[in-house]
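Below are the chains, spelled out letter by letter.
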Amino acid sequence: MSRFASFREFYPFYLAEHSNRTSRRLHFIGSCGVLALVALAVVERNAWWLLAALFCGYGFAWVGHFFFEKNRPATFKHPFYSFAGDWVMFKDILIGKIRF
(Lines give C-alpha, C1' and ligand atoms only; values in the text may rest on other atoms or scores of the structure.)
Protein backbone atom coordinates (compact mmCIF):
# COMPACT_ATOMS: atom_id res chain seq x y z
CA MET A 1 0.00 0.00 0.00
CA SER A 2 1.40 3.36 -0.95
CA ARG A 3 1.91 6.30 1.36
CA PHE A 4 -0.30 9.35 1.06
CA ALA A 5 1.04 12.87 1.38
CA SER A 6 -2.32 14.28 2.46
CA PHE A 7 -5.88 13.35 3.30
CA ARG A 8 -6.88 14.79 -0.08
CA GLU A 9 -4.75 12.09 -1.74
CA PHE A 10 -6.03 9.39 0.62
CA TYR A 11 -9.78 10.00 0.33
CA PRO A 12 -10.22 8.66 -3.25
CA PHE A 13 -8.43 5.49 -2.14
CA TYR A 14 -10.69 5.34 0.91
CA LEU A 15 -13.81 5.65 -1.25
CA ALA A 16 -12.56 2.91 -3.60
CA GLU A 17 -12.22 0.65 -0.55
CA HIS A 18 -15.90 1.38 0.22
CA SER A 19 -17.47 0.73 -3.18
CA ASN A 20 -19.95 -1.84 -1.85
CA ARG A 21 -23.25 -0.20 -0.94
CA THR A 22 -23.96 -2.58 1.96
CA SER A 23 -20.55 -1.84 3.41
CA ARG A 24 -21.19 1.91 3.18
CA ARG A 25 -24.54 1.42 4.89
CA LEU A 26 -22.90 -0.55 7.70
CA HIS A 27 -20.32 2.20 8.13
CA PHE A 28 -23.08 4.80 8.27
CA ILE A 29 -25.12 2.82 10.81
CA GLY A 30 -22.01 2.27 12.93
CA SER A 31 -21.21 5.99 12.85
CA CYS A 32 -24.77 6.83 13.92
CA GLY A 33 -24.34 4.38 16.78
CA VAL A 34 -21.06 6.03 17.75
CA LEU A 35 -22.71 9.45 17.91
CA ALA A 36 -25.57 8.09 20.04
CA LEU A 37 -23.21 6.27 22.40
CA VAL A 38 -20.91 9.28 22.81
CA ALA A 39 -23.97 11.40 23.63
CA LEU A 40 -25.07 8.76 26.13
CA ALA A 41 -21.61 8.78 27.71
CA VAL A 42 -21.85 12.55 28.18
CA VAL A 43 -25.43 12.48 29.52
CA GLU A 44 -24.79 9.55 31.84
CA ARG A 45 -21.28 10.72 32.72
CA ASN A 46 -20.12 7.17 32.18
CA ALA A 47 -16.98 6.57 30.11
CA TRP A 48 -17.88 2.91 29.58
CA TRP A 49 -20.25 4.07 26.84
CA LEU A 50 -17.18 5.35 24.96
CA LEU A 51 -15.84 1.80 24.86
CA ALA A 52 -19.21 0.68 23.52
CA ALA A 53 -18.96 3.44 20.87
CA LEU A 54 -15.57 2.12 19.79
CA PHE A 55 -16.90 -1.42 19.40
CA CYS A 56 -20.02 -0.20 17.63
CA GLY A 57 -18.16 1.90 15.07
CA TYR A 58 -15.44 -0.58 14.26
CA GLY A 59 -17.75 -3.58 14.57
CA PHE A 60 -20.14 -2.41 11.86
CA ALA A 61 -17.29 -1.17 9.66
CA TRP A 62 -15.27 -4.38 9.88
CA VAL A 63 -18.29 -6.56 9.11
CA GLY A 64 -18.67 -4.42 5.98
CA HIS A 65 -15.06 -4.94 5.00
CA PHE A 66 -14.65 -8.62 5.78
CA PHE A 67 -18.02 -9.87 4.50
CA PHE A 68 -19.02 -7.42 1.76
CA GLU A 69 -15.95 -5.55 0.50
CA LYS A 70 -13.69 -8.57 1.04
CA ASN A 71 -10.76 -6.30 1.89
CA ARG A 72 -8.78 -5.22 4.93
CA PRO A 73 -9.86 -1.98 6.58
CA ALA A 74 -7.56 0.95 5.84
CA THR A 75 -7.47 1.50 9.62
CA PHE A 76 -4.71 -1.09 9.87
CA LYS A 77 -2.25 0.91 7.76
CA HIS A 78 -3.65 4.46 7.86
CA PRO A 79 -5.49 4.83 11.18
CA PHE A 80 -5.77 8.62 11.28
CA TYR A 81 -6.69 9.14 7.64
CA SER A 82 -9.14 6.25 7.87
CA PHE A 83 -10.82 7.74 10.94
CA ALA A 84 -11.15 11.05 9.13
CA GLY A 85 -12.39 9.23 6.02
CA ASP A 86 -15.17 7.59 8.04
CA TRP A 87 -16.53 10.96 9.10
CA VAL A 88 -16.09 12.64 5.72
CA MET A 89 -17.90 9.74 4.06
CA PHE A 90 -20.62 9.99 6.75
CA LYS A 91 -21.03 13.68 5.92
CA ASP A 92 -21.00 12.97 2.18
CA ILE A 93 -23.78 10.38 2.63
CA LEU A 94 -25.81 12.83 4.74
CA ILE A 95 -25.63 15.57 2.11
CA GLY A 96 -26.33 13.12 -0.74
CA LYS A 97 -22.92 13.32 -2.37
CA ILE A 98 -22.48 9.56 -1.89
CA ARG A 99 -25.31 7.12 -2.52
CA PHE A 100 -26.69 5.38 0.56
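Here the structure is a predicted model, which is why all the values come from computation and not from measurement. (Residues numbered from 1 in each chain as written. Predicted model: local features only at pLDDT ≥ 70, side-chain atom pairs only at ≥ 80, totals over all residues. Heavy atoms only, no water.)

Trainee: Sorry if this is basic, but what is going on with the overall build of the chain here?
Mentor: Scanning the chain for helices and strands turns up 4 helices and 0 strands. Mapped in sequence order, the helices and strands of the chain form the string α-α-α-α. Rg of the C-alpha trace for the chain: 14 Å, near the compact-globule value of 13 Å for 100 residues, within the 12% margin. Within the span of the chain, comprising 100 residues, buried residues form 38% of the whole. By sequence separation, contacts in the chain at least 24 residues apart represent 70% of the contacts at least 6 residues apart. (Helix = DSSP H or I, 4+ residues; strand = E, 2+ residues; numbered from the N terminus. Rg over C-alpha atoms; globule rule 2.2 N^0.38 Å. Buried < 20%, exposed > 50% of the residue type's maximum accessible area, 1.4 Å probe, protein only. Contact = heavy atoms within 4.5 Å.)

Trainee: Any chance you could explain the UniProt feature "transmembrane region" (unreviewed entry) in the chain here in plain terms?
Mentor: Taken from the UniProt record, the annotation "transmembrane region" (unreviewed entry) applies to residues 26-43 and 49-68. Between the first and last C-alpha atoms of residues 26-43 the distance is 26 Å; the span itself is 100% helix and 0% strand. (UniProt positions renumbered as here; feature names shortened; annotations may be inferred.)

Trainee: When you look at helix α1 (residues 7-16) in this model, what are you seeing that I'm missing?
Mentor: Given 3.6 residues per turn, any residue in an α-helix points the same way as the ones three and four places further on. Buried within α1 we find Phe10, Tyr11, Phe13 and Tyr14. Buried residues along α1 sit in contact with α2 (21-44) and α4 (79-94).

Trainee: Just checking my understanding: could you explain the layout of surface pockets for this structure?
Mentor: Space left empty within the atom packing is revealed by a probe, the size of a water molecule, rolled over the atoms. In this structure, the largest pocket spans a volume of roughly 310 Å³. Around the largest pocket sit 22 residues that line it, and Val34, Gly57, Tyr58, Phe83 and Asp86 are the ones nearest its centre. Within the residue set of the lining of the largest pocket, elements represented by two or more residues are α2, α3 (48-69) and α4. Ranked by the residues each element gives to the lining of the largest pocket, the list is headed by α3, at 7 residues. Residue composition of the lining of the largest pocket, grouped by class: 13 nonpolar, 8 polar and 1 charged. (1 Å grid on protein atoms, 1.4 Å probe; cavity = no way out; pocket = protein on both sides within 12 Å on 5 of 7 lines; lining within 4 Å. Points joined across faces, edges and corners; volume = space filled by probe spheres on them. Nonpolar A, V, L, I, M, F, W, Y, C, P; charged D, E, K, R; others polar.)

Trainee: Please clarify how the packing of α2 against α3 should be interpreted in this entry.
Mentor: In a pair of packed helices, the angle between the axes and the distance between the axes together describe the arrangement. With their axes 7 Å apart at the nearest point, α2 and α3 run at an angle of 175° to one another. By the criterion of interaxial angle, the relationship of α2 to α3 is roughly antiparallel. Its residues assigned to classes, the contact of α2 with α3 shows 16 nonpolar, 8 polar and 2 charged. (Axes fitted to C-alpha atoms, helices over the stretch in contact; angles between N-to-C directions. Parallel < 35°, antiparallel > 145°, perpendicular 65-115°, else oblique.)

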